[in-house]
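Residue strings, one per chain:
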Amino acid sequence: DQQVKQNSPSLSVQEGRISILNCDYTNSMFDYFLWYKKYPAEGPTFLISISSIKDKNEDGRFTVFLNKSAKHLSLHIVPSQPGDSAVYFCAASATDSWGKFQFGAGTQVVVTP
Amino acid sequence: DSGVTQTPKHLITATGQRVTLRCSPRSGDLSVYWYQQSLDQGLQFLIQYYNGEERAKGNILERFSAQQFPDLHSELNLSSLELGDSALYFCASSVGQGTKTNEKLFFGSGTQLSVL
């Protein structure tokens with residue numbers, strides 16, 4: 001039962017433009033959401049997170065938006081840079097779930113010159 | 001460098017065999033998590049330990065087991081291996097039990113298991 005879904009396996013974007021990655025979830029108990037970035041041969045690294053009490057969180061070029069009613073979140077990267085080419089995972093957890101962070105399948109982002 | 005160490009980086013073995021994957025968490029982290037990433041799949045949560053005790057279980061097969069030792073390192077044991085067990089196995093750690101908002105996971109670089 002996939003509770004966190006990233007329906008776009010890949011995304012190609014031109015350098016300097018905006019990258020928008022989407023994530024949907026089904027469990028209404030989720031109250032904390034994270035994005036991780038993964039390069040080949042490395043483990044995922046934390047990028048940005050958002051609590052369910054907020055609808056937006058910004059950190060430099062990265063902004064995460066949360067729409068609780070739609071059970072949807074998105075990650076915006078502006079402007080996209082070649083170093084942003086990686087796999088991005090969306091993750092979610094519920095406060096009382098003993099750390100069962102649920103991950104999506106990932107979106108491969110390729111930033112082209 | 002996340003501070004989480006996983007060994008070995010690569011493991012090649014045959015069906016029916018047993019292997020042990022090892023993980024050392026970041027200094028000060030008490031929780032260790034194991035995840036499996038198969039081809040084209042997301043990170044599937046297997047199991048979590050906190051300060052030596054099992055805290056949460058995900059889709060972990062009965063052929064798989066794990067433990068966390070007093071020095072907080074953890075081992076994931078995979079037995080009676082099948083071709084379908086070939087995957088990237090990640091260990092992650094966090095400072096607490098993963099029950100608080102704003103708690104993050106820090107991942108190791110993974111062990112690539114190939115079952116031939």
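Here goes a summary of the coordinates provided. Quantities reported herein were computed from a predicted structural model and do not represent experimental measurements.

Reading the values: the criteria
Residues numbered from 1 in each chain as written. Chains lettered and ligands numbered in written order. Predicted model: local features only at pLDDT ≥ 70, side-chain atom pairs only at ≥ 80, totals over all residues. Heavy atoms only, no water. Helix = DSSP H or I, 4+ residues; strand = E, 2+ residues; numbered from the N terminus. Rg over C-alpha atoms; globule rule 2.2 N^0.38 Å. Buried < 20%, exposed > 50% of the residue type's maximum accessible area, 1.4 Å probe, protein only. Areas by Shrake-Rupley, 256 points an atom, 1.4 Å probe, with all protein chains shown as cover. Contact = heavy atoms within 4.5 Å. Buried area = accessible area lost by both parts, 1.4 Å probe. Salt bridge = Lys/Arg side-chain N within 4 Å of Asp/Glu carboxyl O. Polar contact = N/O pair within 3.5 Å; in protein donor to acceptor, adjacent residues only side chain to side chain. Nonpolar A, V, L, I, M, F, W, Y, C, P; charged D, E, K, R; others polar. Pairing = 2+ DSSP bridges. 1 Å grid on protein atoms, 1.4 Å probe; cavity = no way out; pocket = protein on both sides within 12 Å on 5 of 7 lines; lining within 4 Å. Points joined across faces, edges and corners; volume = space filled by probe spheres on them. Core = buried A, V, L, I, M, F, W, Y, C linked by side-chain atoms within 4.5 Å. Disulfide = S-S within 2.5 Å.

### Some remarks on the overall build of chain B
Tallying secondary structure elements over chain B gives 0 helices and 11 strands in all. Along chain B, helices (α) and strands (β) appear in the sequence β-β-β-β-β-β-β-β-β-β-β when read from the amino end. Taken over the C-alpha trace, chain B has a radius of gyration of 13 Å; the compact-globule value for 116 residues is 13 Å, and the two agree within 12%. Projected onto its principal axes, the C-alpha positions of chain B cover 40 × 25 × 20 Å. In chain B, buried positions account for 50% of the 116 residues. When the accessible surface of chain B is totalled, it reaches about 5,400 Å², and 47% of it is carbon and sulfur.

### What about the interface of chain A and chain B?
Contact residues are listed per partner, giving 21 residues for chain A and 27 residues for chain B. In total, chain A and chain B occlude about 1,900 Å² of area from one another, counting both sides; carbon and sulfur atoms represent 61% of this. Run the count over chain A and chain B and you get 0 salt bridges. Where chain A touches chain B, the interface holds 2 residue pairs in polar contact (both at pLDDT 80 or more). Going through the elements one at a time, strand S4 (32–38) and strand S5 (45–51) of chain A are the ones with two or more residues in the side of chain A that touches chain B. Among the elements that line the side of chain A that touches chain B, the one with the most residues is S4(A), at 4 residues. Looking at the side of chain A that touches chain B residue by residue, the classes come out as 11 nonpolar, 6 polar and 4 charged.

### Description of the sheet that holds strand S1 (residues 4–5) of chain A
In a beta sheet, neighbouring strands pair by backbone hydrogen bonds and run either parallel or antiparallel. Residues and elements named next belong to chain A. If you trace the 5 strands from one edge of the open sheet to the other, you get S1-S3-S8-S7-S6, paired in antiparallel fashion. Edge positions in the sheet fall to S1 and strand S6 (56–59), since each has one partner strand and no second. Where strand S7 (residues 62–67) and strand S8 (residues 72–77) come together, 6 bridges link them in antiparallel fashion. The partner of valine 64 across the bridge, within S8, is leucine 75.

### Remarks on the layout of surface pockets
Empty space within the largest pocket amounts to approximately 640 Å³. What lines the largest pocket is a set of 26 residues, and nearest its centre among them are A:Lys38, B:Gln37, B:Leu39, B:Leu88 and B:Gln112. Among the elements of the structure, strand S9 (86–93) and strand S11 (107–112) of chain A together with strand S9 (87–94) of chain B are those that each provide at least two residues to the lining of the largest pocket.

### Observations concerning the side chain of A:Thr107
Residue and element names in this part refer to chain A. Assignment of secondary structure puts threonine 107 in strand S11. Given a relative accessible area of 3%, threonine 107 falls into the buried group. Here glutamine 6 takes part through its side chain, which lies 3.5 Å from a polar atom of the side chain of threonine 107. Threonine 107 has contacts with Gln6, Ser8, Pro9, Ser10, Leu11, Leu21, Ala86, Val87 and Tyr88, leaving out every residue within four places of it along the chain.

### So, the nonpolar core
Judged by nonpolar contacts, the single largest core of 24 residues is most densely connected at A:Phe33, A:Trp35, A:Leu73, A:Leu75 and A:Tyr88. Contributions of two or more residues to this core are made by strand S3 (19–25), S4, S5, S7, S8, S9 and S11 of chain A. Here this core takes 4 residues from S9(A), the largest share from any one element. Those residues in contact with A:Leu75 that lie beyond four places of it in its chain are A:Ser19, A:Ile20, A:Leu21, A:Trp35, A:Leu47, A:Ile48, A:Phe62, A:Thr63 and A:Tyr88. Membership of the second largest hydrophobic core comes to 21 residues, among which are B:Leu11, B:Ile47, B:Tyr49 and B:Tyr89.

### Concerning the state of the cysteines
Residue and element names in this part refer to chain A. Under the counting rule described, the total for this entry stands at 2 disulfides over all chains. Residue cysteine 23 pairs covalently with cysteine 90 via a disulfide, S to S 2.0 Å. Across the disulfide from cysteine 23 to cysteine 90, rotation about the S-S bond amounts to roughly -75°, and the bridge is consequently left-handed. With cysteine 23 in strand S3 and cysteine 90 in strand S9, this pair connects stretches of sequence that are 67 residues apart. Assessed through its relative accessible area of 1%, cysteine 90 is described here as buried.

### Here's the deal with the pairing of strand S3 (residues 19–24) of chain B
Residues and elements named next belong to chain B. Side-chain alternation along S3 places Val19, Leu21 and Cys23 on a buried face and Thr20, Arg22 and Ser24 on a face that remains uncovered. Of the pairings in the sheet, the one linking strand S1 (residues 5–7) to S3 comprises 3 bridges and is antiparallel in character. When the bridges of S3 are listed, glutamine 6 appears paired with cysteine 23. As judged from the 5 bridges shared by S3 and strand S8 (residues 74–78), these two strands associate in the antiparallel manner.

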